[in-house]
Amino acid sequence: MIKTILRRLAPLFILIVFIGLAMLLMSTKETPEQKEDTEVLTIVDVMTVKPQTVSLNLPSYGVVNPKYKTQLVTEVKGRLQSISDHFVAGGMVTAGEKLAVIEPSDYEADLMQAEAALAQAKAMLDEEIARGEVAKIEFKDFENGVAPELGLRIPQLKKEQANVKSAQAALARAQRNLERTVIRAPFDGIIKERIVDLGQYVTLGTILGELYDVNTAEIRLPLTNNDLAYLESVDNPDTHVTLSASLAGKDISWQGKIIRSENMIDEQNRMVYLVAEVVDPYLIKQQTTDQLPLKYGSFVNAVIKGRTVDGIVKLPRHVVRNDQVAVVKDDNTIEMRKVKIVKTDIDHVYIKDSFTAGERISVTNVANLSDKQKVKILGESDEATPENDISNDAVSTKATQETHSGTGEL
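As annotated in an unreviewed UniProt entry, the protein chain carries the name Efflux RND transporter periplasmic adaptor subunit and is attributed to Shewanella gaetbuli. The Sequence similarities (unreviewed entry) comment attached to the protein chain in UniProt states, word for word, "Belongs to the membrane fusion protein (MFP) (TC 8.A.1) family."

Structure, rendered in structure tokens:
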């Protein structure tokens, strides 16, 4: 009977024992170490403020054109007898070079007639002078007062003198017309185009072609009205400009000079145009191996040197938002500071009188930051915690003991 009761109660005893052991283990369990929740800080990259003296350069663009261009026009008529090999589109010519010749035979004949007419007029004048001398002798003893001018042949003498001048003018005209049968380049240039052909009959005023000067190039550079404030002088913008373009797979730059302002605002685009000048754009007078000519018709980018300003802080454009910059203070908190913007361009913002030298500016996206926010500087080591100090001391003590133990064994 008792054995039967014990056998039936055995599972209950086993359960009670396990519950007791469990309670014993729970009562002897160590309380887990409580750690404070660590604050997650935004990591930012910073740059140090360094005020500097900069030139507020102005970007622009334009097309290269010659300073002088002219149409070659005939001043006499006739048939084109010859055309120079250089008188073709793209041909380089020098001042006074012969480009074409108009048939000169008629003008040579006119010159001979003018020479003959002048010789005849001079002979008539000499004859009239001789007659006047004879008349003076005849009227030497004239007793009825002053001898008449007609009797002394003074009017006849003036007439012959006028005939000589007229013949001289006709000769000069004939000489000029003969010279004009040769078409010459008025200056060093490049032929833009030739319109006429060999053997063609041309009349007075016929356009033969167009010539561009190669001594000086001009580029019209548009600026907004507000950009003029960055020039040293608005009325006389005497400053330098750097032109750049991609030619033959290379980025080439040329130096020029702003020579004038057009002093008018374009009605269509509301721009003011400055005119830049480049001397010897085709490198005719100065050949260089590492430079290419600035060809007419090229589209170039320009950087105009503006006025020089001290104490400027140059920042990437994305750092400034709504005229505010995130300044990282000494305690690594953010100060959203309003700044004074002097000028902006595509990549940078120029700020004045808003920072002191040595201040740190966050170059991280400003939209993720707020005033008085705590941040962590990229690359800056964490400050040592007390736990780390204790751990380091323990490690140091253990290392010292092992060192002494090792020394004793030696």
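Engineer: So what's going on with the overall build of the protein chain? Which residues, and what values?
Structural biologist: In terms of helices and strands, the protein chain carries 4 helices and 24 strands. Across the 410 residues in the protein chain, those meeting the buried criterion constitute 32%. Relative to all contacts within the protein chain whose residues are 6 or more apart in sequence, the contacts with residues 24 or more apart total 74%.

Engineer: Please set out the side chain of Ser354 residue by residue, giving values where relevant.
Structural biologist: Its place among the elements puts Ser354 in the loop between strand S22 (348-352) and strand S23 (360-362). The exposure class assigned to Ser354 is buried, which follows from its relative accessible area of 13%. Residues in contact with Ser354, not counting those within four places in the same chain, are Arg337, Val339 and Lys340.

Engineer: Provide a residue-level description of a nonpolar patch on the surface, including the pertinent values.
Structural biologist: Among the surface-exposed residues, Ile5, Leu9, Leu12, Phe13, Leu15, Ile16, Ile19 and Met23 lie close enough to one another that they form a single nonpolar patch of about 750 Å² accessible area. Mapped onto the fold, Phe13 is located in helix H1 (residues 2-27). Of the residues examined, Phe13 reaches a relative accessible area of 43% and is grouped as partly exposed.

Engineer: Quick rundown of the sheet that holds S23? Include the residues and the values.
Structural biologist: Within the open sheet, the 4 strands sit side by side as S2-S23-S19-S20. Their pairing is antiparallel. Either end of the sheet is taken by a strand with one partner, and the two such strands are strand S2 (46-48) and strand S20 (334-338). Going from strand to strand, the sheet's axes swing by 40° on average, the running direction of each strand aside. For strand S19 (residues 324-328) and S23, the ladder comprises 2 bridges, and the chain directions are antiparallel. Across the sheet, the residue bridging to Val327 is Ile361, located in S23.

Engineer: Explain the packing of aromatic side chains residue by residue, including any values.
Structural biologist: Two numbers describe a pair of aromatic rings. These are the distance of the centres and the angle of the planes. All told, the structure shown has 3 aromatic pairs when counted by the stated rule. Here the aromatic rings of Tyr212 and Tyr296 are separated by 6.0 Å at their centres, their planes lie at 70°, and the arrangement is edge-to-face. Of this pair, Tyr212 sits in strand S12 (residues 207-213) while Tyr296 sits in the loop between strand S16 (272-279) and strand S17 (299-304), placing them 84 residues apart in sequence. You'll find Tyr212 and Tyr296 in the same group, each marked buried. Ring-pair connections join several aromatic residues into one group, and the members of that group are Tyr212, Tyr282 and Tyr296. Over the ring of Tyr273 we find Arg220; its NZ or CZ atom is 4.0 Å from the centre of that ring.

Engineer: Outline a negative patch on the surface, listing residues and values.
Structural biologist: On the surface, a cluster of negative charge is made up of Glu103, Asp106, Glu108 and Asp110. Within the element layout of this structure, Asp106 appears in helix H2 (residues 105-138). Asp106 sits in the exposed class, given a relative accessible area of 55%.

Engineer: Describe the pattern of salt bridges, naming the residues involved and giving the relevant values.
Structural biologist: Under the criterion given, the structure shown has 11 salt bridges. Here Lys67 makes a salt bridge to Glu277, at a shortest N to O gap of 3.2 Å. Remark: Glu277 occurs in strand S16 and Lys67 occurs in the loop between strand S4 (58-66) and strand S5 (69-73); sequence separation between them is 210 residues. Its relative accessible area of 33% is what places Lys67 among the partly exposed residues. Asp197 serves as the salt-bridge partner of Arg194, at 3.2 Å between the closest nitrogen and oxygen. One network of salt bridges, with partners in common, ties together Glu127, Glu128 and Arg131.

Engineer: Talk me through the nonpolar core; I want residue IDs and the actual numbers.
Structural biologist: Looking at soluble globular proteins, one finds that nonpolar side chains tend to be buried together. Counting residues in hydrophobic clusters, the biggest one holds 34 residues, and the most contacted among them are Leu221, Val241, Leu243, Val300 and Ile304. For Leu221, the contacting residues outside a window of four places in its chain are Ser60, Tyr61, Gly62, Val241, Ile258, Val272, Tyr273, Leu274, Ala276, Ala302 and Ile304. Membership of the second largest hydrophobic core comes to 18 residues, among which are Val93, Ala100, Phe187 and Leu208.

Engineer: Run through the side chain of Ser261, naming residues and quoting values.
Structural biologist: Within the secondary structure, Ser261 is located in strand S15 (residues 250-265). The exposure class assigned to Ser261 is buried, which follows from its relative accessible area of 11%. A polar contact is formed between the side chain of Ser261 and the backbone nitrogen of Asn263, at a distance of 3.2 Å. Residues within four places of Ser261 in sequence aside, it is in contact with Val234, Pro237, Val272, Tyr273 and Leu274.

Engineer: So what's going on with the sheet that holds strand S14 (residues 239-247)? Residues and values would help.
Structural biologist: Taken in spatial order, the 6 strands close into a barrel running S4-S13-S16-S15-S14-S17, and their pairing is antiparallel. Shown here is a sheet whose adjacent strand axes are inclined to one another by a mean of 40°, direction ignored. Sheet topology note: the strand S13 (residues 216-223)/S16 ladder contains 8 bridges and is antiparallel. Residue pairing for S16: Leu221 is matched across the bridge by Leu274.

Engineer: How would you summarise the pairing of strand S18 (residues 308-316) if you had to cite specific residues and measurements?
Structural biologist: As paired strands, strand S3 (residues 52-55) and S18 are joined by 3 bridges and run antiparallel to one another. The residue bridging Gln52 from the neighbouring strand is Ile312, located in S18.

Procedures and definitions
- Residues numbered from 1 in each chain as written.
- Predicted model: local features only at pLDDT ≥ 70, side-chain atom pairs only at ≥ 80, totals over all residues.
- Heavy atoms only, no water.
- UniProt positions renumbered as here; feature names shortened; annotations may be inferred.
- Helix = DSSP H or I, 4+ residues; strand = E, 2+ residues; numbered from the N terminus.
- Buried < 20%, exposed > 50% of the residue type's maximum accessible area, 1.4 Å probe, protein only.
- Contact = heavy atoms within 4.5 Å.
- Patch = residues over 30% accessible without salt bridge, like charges linked within 9 Å, V, L, I, M, F, W, Y side chains within 5 Å.
- Areas by Shrake-Rupley, 256 points an atom, 1.4 Å probe, with all protein chains shown as cover.
- Salt bridge = Lys/Arg side-chain N within 4 Å of Asp/Glu carboxyl O.
- Pairing = 2+ DSSP bridges.
- Axes fitted to C-alpha atoms, helices over the stretch in contact; angles between N-to-C directions.
- Phe/Tyr/Trp six-rings, centres within 6.5 Å; stacked < 30°, edge-to-face > 60°.
- Lys NZ or Arg CZ within 6 Å of the ring centre and 35° of its normal.
- Lys, Arg positive; Asp, Glu negative; His and termini not counted.
- Charge placed at Lys NZ, Arg CZ, Asp CG, Glu CD.
- Core = buried A, V, L, I, M, F, W, Y, C linked by side-chain atoms within 4.5 Å.
- Polar contact = N/O pair within 3.5 Å; in protein donor to acceptor, adjacent residues only side chain to side chain.

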